[in-house]
Amino acid sequence: MPIFEFKCLECGNVFEKLFINSNEEVDLNCPDCRSADLERVVSRTNYSIGAGAAGNQAKITEKTCGGGSNRCMTLDLPGPSR
Ligand SMILES: [Zn+2]
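Being a predicted model, the structure only gives us computed values, none of them experimental.

Asks: Tell me about the coordination of the zinc ion, residues and numbers included.
Replies: A four-donor tetrahedral metal ideally has 109.5 degree angles, and a six-donor octahedral metal ideally has angles of 90 or 180 degrees. At this site the zinc ion is bound by Cys8 (SG), Cys11 (SG), Cys30 (SG) and Cys33 (SG), with donor distances of 2.3 Å. Geometry at the zinc ion is tetrahedral, judged from the four donor atoms that bind it and their angles of 104 to 116° at the metal. We classify Cys11 as partly exposed; its relative accessible area is 42%.

Right under this line is the structure:
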């Protein structure tokens, strides 16, 4: 299961978010200050998803939903290739 790290641009808090389902829509907020101003932290650990083929990586699409202040992210995972 992919875990992504995010850093709050508001208070500098770094937290992890676990994505259970692919294409799941989650709203991300800082657990500390509830800010949605987040930046994805590229972790030192290089987790590979799937068979490790190049380009076969999870992709996070950031978009605005619900009008302006709410930000959602969609996680696109490559389907199981077995
Ligand atoms: Zn914060």
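Asks: Give me the side chain of Ser35: which residues, what numbers.
Replies: When you line up the elements, Ser35 lands in the loop between strand S3 (25–27) and strand S4 (38–41). The class for Ser35 is buried, based on a relative accessible area of 12%. Apart from residues lying up to four places away in sequence, Ser35 is in contact with Cys8, Glu10, Leu28, Asn29 and Cys30.

Each value, and the rule that gives it
Residues numbered from 1 in each chain as written. Predicted model: local features only at pLDDT ≥ 70, side-chain atom pairs only at ≥ 80, totals over all residues. Heavy atoms only, no water. Donors = N, O, S within 2.8 Å, 3.2 Å for Na, K, Ca; no water. Tetrahedral: all angles 85-135°; square planar, octahedral: opposite > 155°, others 65-115°. Buried < 20%, exposed > 50% of the residue type's maximum accessible area, 1.4 Å probe, protein only. Helix = DSSP H or I, 4+ residues; strand = E, 2+ residues; numbered from the N terminus. Contact = heavy atoms within 4.5 Å.

Remember, this is a structural readout, not a statement about activity or role.
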